[in-house]
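Okay, here's what each chain looks like letter by letter:
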Amino acid sequence: DTAVSQTPKYLVTQMGNDKSIKCEQNLGHDTMYWYKQDSKKFLKIMFSYNNKELIINETVPNRFSPKSPDKAHLNLHINSLELGDSAVYFCASSQGLAGGTDTQYFGPGTRLTVL
Amino acid sequence: QKEVEQDPGPLSVPEGAIVSLNCTYSNSAFQYFMWYRQYSRKGPELLMYTYSSGNKEDGRFTAQVDKSSKYISLFIRDSQPSDSATYLCAMSGNNFNKFYFGSGTKLNVKP
């Protein structure tokens, strides 16, 4: 069984469109994350939720809005997509908030291409 | 200046070689240091983590942390073609679940 799953795996869309990426974890973890990995493989945290509560919100355009309907799900909605949003988006989860003692488990990634 | 610096490589070595991967960082508050392996078109997976300074060994992998120099290393002994991947270092402080990643070093182990 997949621990952290994301849909869709690939997403190709036009500039200006609105799209969503879904993430689910079946590990019973309390904390979930969204990361963006650019073409140079640089992985940067965007958001983190603990028990459905937003705890990290990095300097991300407000076109990006995470939503956590329950602690097993963290979705990412992106409005008015721009060319610079093209990247691979990874969802991850961890048990708690104990920094490095909590292993993060990553999903397979969603490759977003904005044309 | 980025919080974490990592040479992107690529690093190409013959099978059986000892590989040394390194990261430097600027934030002295970092306490937890991790190495992730990422295969092409896959998500990162945790290889090892260490707390504060010192060494940790797990099979063919050894992680070293030198907090005085703000320098961490991952050594891979007897490297295998299956080790070919991008290796990302990551680190965090005590109070946050916020991880700072290096940009990754691409490793190619040739048979």
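That block above? That's the structure.
The following paragraphs examine the structure supplied in this document. (Residues numbered from 1 in each chain as written. Chains lettered and ligands numbered in written order. Predicted model: local features only at pLDDT ≥ 70, side-chain atom pairs only at ≥ 80, totals over all residues. Heavy atoms only, no water.)

1. Details of the overall build of chain B
To be explicit about the condition: Secondary structure elements follow DSSP: runs of H or I no shorter than four residues count as helices, runs of E no shorter than two count as strands, and numbering proceeds from the N terminus. All radius of gyration figures rest on C-alpha atoms, and the globule criterion is 2.2 Å times the number of residues raised to 0.38. Residue exposure (1.4 Å probe, protein chains only): buried if accessible area is under 20% of the type maximum, exposed if over 50%, otherwise partly exposed. Residue contacts are counted whenever heavy atoms from the two residues lie within 4.5 Å of one another.
Helix and strand content of chain B: 0 helices and 11 strands. Secondary structure elements in chain B, listed N-terminal to C-terminal, are β-β-β-β-β-β-β-β-β-β-β. In terms of C-alpha radius of gyration, chain B reaches 13 Å, essentially the compact-globule figure of 13 Å for 111 residues. Classification of the 111 residues of chain B by burial places 46% in the buried group. When contacts within chain B are restricted to residue pairs at least 6 apart in sequence, long-range pairs at least 24 apart make up 55% of them.

2. As for the interface of chain A and chain B
Short version of the rule: The term salt bridge refers to a pairing of a side-chain nitrogen on Lys or Arg with a carboxyl oxygen on Asp or Glu at a separation within 4 Å. Under the rule applied, a polar contact is a pair of N or O atoms within 3.5 Å (in protein, one hydrogen donor and one hydrogen acceptor; residues adjacent in sequence only if both atoms are side-chain atoms). Residues are grouped as follows: Ala, Val, Leu, Ile, Met, Phe, Trp, Tyr, Cys and Pro are nonpolar; Asp, Glu, Lys and Arg are charged; all remaining types, including Gly, are polar.
Each side of the interface is counted separately: chain A has 28 residues, and chain B has 22 residues. Our enumeration of links across chain A and chain B arrives at 0 salt bridges. Applying the counting criterion to the chain A and chain B interface returns 1 residue pair in polar contact (both at pLDDT 80 or more). Those elements giving two or more residues to the side of chain A that touches chain B turn out to be strand E4 (31–37), strand E5 (43–50) and strand E6 (53–57) of chain A. The leading source of residues in the side of chain A that touches chain B is E4 of chain A, at 4 residues. The class makeup of the residues in the side of chain A that touches chain B is 13 nonpolar, 10 polar and 5 charged.

3. Considering the sheet that holds strand E6 (residues 54–58) of chain B
All names here are of chain B. What counts, and what does not: When DSSP finds two or more bridges between a pair of strands, those strands are recorded as paired. Note on definitions: angles span 0 to 180 degrees between N-to-C directions of axes, and those axes are lines fitted to C-alpha atoms, for helices only across the stretch in contact.
Strand order across the open sheet formed by 5 strands is E1-E3-E8-E7-E6, with antiparallel pairing between neighbours. Two strands lie at the open edges of the sheet, namely strand E1 (4–6) and E6, each paired on one side alone. With direction set aside, neighbouring strand axes in the sheet form an average angle of 15°.

4. Concerning the packing of aromatic side chains
So the rule is basically this: Each Phe, Tyr or Trp ring, with Trp reduced to its six-membered ring, pairs with another whose centre is within 6.5 Å; inter-plane angles below 30 degrees give stacked pairs, above 60 give edge-to-face pairs, and intermediate values give tilted ones.
Overall, the coordinates contain 13 aromatic pairs over all chains when judged by the stated rule. Here the aromatic rings of Tyr33 of chain A and Phe99 of chain B are separated by 6.4 Å at their centres, their planes lie at 75°, and the arrangement is edge-to-face. Placement of Tyr33 of chain A in strand E4 and of Phe99 of chain B in the loop between strand E9 (85–92) and strand E10 (100–101) is noted, with the two residues assigned to different chains. On the basis of relative accessibility, which here comes to 0%, the residue Tyr33 of chain A falls in the buried class. Exposure remark for Phe99 of chain B: the relative accessible area of 2% places this residue in the buried category. Geometrically, the ring pair formed by Tyr25 of chain B and Phe33 of chain B is tilted, given 5.3 Å between the ring centres and 45° between the ring planes. Residue Tyr25 of chain B is classed as buried on the basis of its relative accessible area, which comes to 6%.

5. Some remarks on the sheet that holds strand E7 (residues 64–70) of chain A
Residues and elements named next belong to chain A. Read from one edge of the open sheet, 4 strands run E1-E3-E8-E7, paired in antiparallel fashion. Unpaired on one side and paired on the other, strand E1 (4–7) and E7 mark the two borders of the sheet. Taken pair by pair, the neighbouring strands of this sheet meet at an average axis angle of 20°, ignoring direction. Where E7 lies against strand E8 (residues 73–78), 5 bridges are found, and the strand directions are antiparallel. Residue pairing for E8: Pro66 is matched across the bridge by Leu76.

6. Concerning the pattern of salt bridges
Tallied over the full model, the rule gives 6 salt bridges over all chains. Linking Arg77 of chain B and Glu57 of chain B is a salt bridge whose minimum nitrogen-to-oxygen distance equals 3.3 Å. Here Arg77 of chain B is found in the loop between strand E8 (71–76) and E9, whereas its partner Glu57 of chain B is found in strand E6, with 20 residues between them in sequence. Arg77 of chain B gets classed as partly exposed once you look at its relative accessible area, which sits at 30%. The class of Glu57 of chain B is exposed, set by a relative accessible area of 59%. Where salt bridges share partners, they join Arg63, Glu82 and Asp85 of chain A into one cluster.

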